[in-house]
Amino acid sequence: MSLLNTTKIAVIGGGSWATALIKILCEQHNVQVRWWLRNQHDIAHIRKFHHNPSYLSDVVLSPKKVRVFEKTTEAVKGADYIILAVPAAFVQESLQHLSARHLQGARVVSAIKGMIPDRNILVTDWVSQEYGIKMEDTCVIAGPCHAEEVALEKQSYLTIASTACPAAEDFAGLMTCRYVSAHALDDLYGVEYAAVMKNIVALACGITHGLGYGDNFQAVLVSNAMQEIGNLVTAMDPRQRNMSASAYLGDLLVTAYSQFSRNRLFGNMIGRGYSVKAAQLEMKMIAEGYYATKSIHELNKLHQVNLPIVGAVYSILYEDQHPAAIMEQLKKVLK
Ligand SMILES: NC(=O)C1=CN([C@@H]2O[C@H](COP(=O)(O)OP(=O)(O)OC[C@H]3O[C@@H](n4cnc5c(N)ncnc54)[C@H](OP(=O)(O)O)[C@@H]3O)[C@@H](O)[C@H]2O)C=CC1
Ligand SMILES: O=C(CO)COP(=O)(O)O
């Protein structure tokens, strides 16, 4: 680690999750955050007022611990960890000025619950392929945790998943504070695919809620979804895992039921009759499930797992099928 036992952590992304993670990091001793965000106005505001004006604006970002940078190449200098916290669709664009040389010696932590569009690969696989980072030097931040509740210091739990527990355990220490408990798990792929899938399920929950379906239906939808997530995860990485752990089931539940869920909100608008474009414009924040639906649909052409919920959401979002008609069909296959 760096000189004087200070851990340097670069954070890439300026949205709500990046802001919440920086708040957690500010709770630690001997941590220096090097933060890159794209919005110049936000950078100037954070330097002057120590708040992010665009996301979680009540959170205080300690100037002693947080430095803001205009360039990713500056932000990652000397970093022990680089946290990626932009939506998956923008990760390639956000890192375009970085080469393998810039990332050398750092562990890369993905806080992203999405896949690289068009390539349809997980973010950790992309980082490893693109920058030559060893898989054991990558982790993901997972678990049922909304940025808004971190901002309010409500008790939350995170799972840090990796192929190698030492990397995940070190980082879990940095994510643990008065109101967050973090633990390590050695199931990188299972956790990462489950996190991608739960966003698609939340879209389905939102769509059906918007169409007027009630709690009885949603409980069955979520139960069937858990099976669907398990089937996909097993196809991608067959092994024993406890799918009722909070990194899998918990994350699905919070997204499917919470008032803070972006994916559920987006789906709800579609169910109420918004077009995809109109819902995206109205929402301001990013619903990862929109992009994930296409990636999982494409990926599954190879694997042929039975994914009726993903199929239904795909038809609505990408084939312009009527939500009510598609959900009538889905209704028949749920048990
Ligand atoms: N929010 C949460 O509670 C949680 C989020 N996550 C994950 O964290 C990741 C980041 O999400 P989150 O912070 O919620 O996102 P937000 O919707 O809060 O913020 C979106 C971010 O993306 C940036 N952005 C938007 N459009 C572009 C573009 N075209 N190019 C580059 N950047 C762009 C925005 O920048 P600008 O402001 O300049 O437009 C902003 O920094 C996602 O993968 C999400 O699934 C995971 C767990 C919890
Ligand atoms: O992954 C998340 C919370 O764990 C955030 O996604 P949603 O905002 O759709 O719930």
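Cut-offs applied
Residues numbered from 1 in each chain as written. Chains lettered and ligands numbered in written order. Predicted model: local features only at pLDDT ≥ 70, side-chain atom pairs only at ≥ 80, totals over all residues. Heavy atoms only, no water. UniProt positions renumbered as here; feature names shortened; annotations may be inferred. Helix = DSSP H or I, 4+ residues; strand = E, 2+ residues; numbered from the N terminus. Rg over C-alpha atoms; globule rule 2.2 N^0.38 Å. Areas by Shrake-Rupley, 256 points an atom, 1.4 Å probe, with all protein chains shown as cover. Lys, Arg positive; Asp, Glu negative; His and termini not counted. Charge placed at Lys NZ, Arg CZ, Asp CG, Glu CD. Near = heavy atom within 4 Å. Polar contact = N/O pair within 3.5 Å; in protein donor to acceptor, adjacent residues only side chain to side chain. Nonpolar A, V, L, I, M, F, W, Y, C, P; charged D, E, K, R; others polar. Salt bridge = Lys/Arg side-chain N within 4 Å of Asp/Glu carboxyl O. Buried < 20%, exposed > 50% of the residue type's maximum accessible area, 1.4 Å probe, protein only. Contact = heavy atoms within 4.5 Å. Pairing = 2+ DSSP bridges. Axes fitted to C-alpha atoms, helices over the stretch in contact; angles between N-to-C directions.

If you check an unreviewed UniProt entry, the chain appears there as Glycerol-3-phosphate dehydrogenase [NAD(P)+] from Dyadobacter sandarakinus. Within the UniProt record for the chain, the comment given under Subcellular location (unreviewed entry) is "Cytoplasm". The UniProt entry for the chain carries this comment under Sequence similarities (unreviewed entry): "Belongs to the NAD-dependent glycerol-3-phosphate dehydrogenase family."

Let us now look at the overall build of the chain. On a plain count of helices and strands, the chain comes out with 16 helices and 10 strands. The globule rule puts the C-alpha radius of gyration for 335 residues at 20 Å, and the 19 Å found for the chain is close to it. Projected onto its principal axes, the C-alpha coordinates of the chain cover approximately 60 × 40 × 35 Å. Split by element, the accessible area of the chain, about 14700 Å² in all, is 50% carbon and sulfur. Looking at the chain, you have 31 positive and 30 negative side-chain charges, and the mean spots of the two groups are 5 Å apart.

Neighbouring ligand 2 are 13 residues, the closest being Lys 113, His 146, Lys 198, Arg 262 and Asn 263. One of the side-chain nitrogen or oxygen atoms of Lys 113 is found 2.8 Å away from an oxygen atom of ligand 2. One nitrogen or oxygen atom from the main chain of Cys 145 is found 3.3 Å from an oxygen atom belonging to ligand 2. Bound to the protein, ligand 2 loses 91% of the 300 Å² it would expose on its own. Every element with two or more residues in the shell around ligand 2 is listed here: α9 (188–211), α11 (246–257) and α12 (262–271). Among the residues forming the shell around ligand 2, the class breakdown is 3 nonpolar, 6 polar and 4 charged.

Now for the site of ligand 1. Residues in close proximity to ligand 1 total 22 residues, the closest being Ser 16, Arg 38, Tyr 55, Ala 147 and Glu 288. At a separation of 3.1 Å, an oxygen atom of ligand 1 approaches a polar backbone atom of Lys 113. The contact in question runs from an oxygen atom of ligand 1 to an N or O atom on the side chain of Glu 288, over 2.6 Å. The protein chains hide 88% of the 900 Å² of surface that ligand 1 would expose on its own. Grouping the constituent residues of the shell around ligand 1 by class yields 12 nonpolar, 5 polar and 5 charged.

Moving on, we come to the pattern of salt bridges. The final tally for this structure, using the stated rule, is 16 salt bridges. The partner of Asp 137 in a salt bridge is Arg 107, with the nearest N and O atoms 3.8 Å apart. Of the two residues, Asp 137 sits in the loop between α6 (123–131) and β8 (138–142) while Arg 107 sits in strand β5 (residues 107–110), which places them 30 residues apart along the sequence. Notably, a salt bridge pairs Asp 187 with Arg 241, separated by 2.7 Å at the nearest N-O pair. Note that Asp 187 is positioned in the loop between β10 (180–185) and α9 and Arg 241 in the loop between α10 (215–236) and α11, a separation of 54 residues in sequence. Just as Asp 187 is buried, Arg 241 falls in that class too.

This part covers the UniProt feature "binding site: NADPH" (unreviewed entry) in the chain. Per the UniProt entry, the sites bearing "binding site: NADPH" (unreviewed entry) are Ser 16, Trp 17, Arg 38, Tyr 55, Lys 113, Ala 147, Arg 262, Ile 286 and Glu 288 in this numbering. Take Ser 16: it is sitting in helix α1 (residues 16–26). Relative accessible area serves as the criterion here: at 10%, Ser 16 is assigned to the buried category. In contact with Ser 16, other than residues within four places in its own chain, are Tyr 55, Leu 56, Ala 147, Arg 262 and Met 285. Inspection of the secondary structure assignment puts Glu 288 in helix α14 (residues 288–303). Setting aside residues no more than four positions away along its own chain, Glu 288 makes contact with Pro 87, Ala 88, Ile 112, Lys 113, Gly 114, Asn 199 and Asn 263.

With that settled, the discussion passes to the UniProt feature "domain: Glycerol-3-phosphate dehydrogenase NAD-dependent C-terminal" (unreviewed entry) in the chain. UniProt's feature table lists "domain: Glycerol-3-phosphate dehydrogenase NAD-dependent C-terminal" (unreviewed entry) at residues 187–327, given in the numbering used throughout. Between the C-alpha atoms that bound residues 187–327 the distance is 33 Å, and the span itself is 77% helix and 0% strand.

What follows is about unusual backbone geometry. Leaving glycine aside, a negative phi is the common case for residues, and trans is the common case for peptide bonds. Unusually for a residue other than glycine, Asn 30 sits at a positive phi of about 55°. Mapped onto the elements of the fold, Asn 30 is located in the loop between α1 and β2 (31–36). The exposure class of Asn 30 is partly exposed, given its relative accessible area of 47%.

In spatial order, the strands read β3-β2-β1-β4-β5-β8-β9-β10; together these 8 strands make up an open sheet with mixed pairing. Every other strand in the sheet has two partners, leaving β3 (66–69) and β10 as the edge strands with one partner each. On average, each strand axis in the sheet is tilted by 25° relative to the strand beside it, whichever way the strands run. Both β2 and β3 contribute to a ladder of 4 bridges, which runs parallel. The residue of β3 that forms the bridge with Trp 36 is Phe 69. Across the sheet, α1 lies against β1 (7–12), β2, β3, β4 (81–84), β8, β9 (156–161) and β10, angled at about 165° from β2, the strand it touches most.

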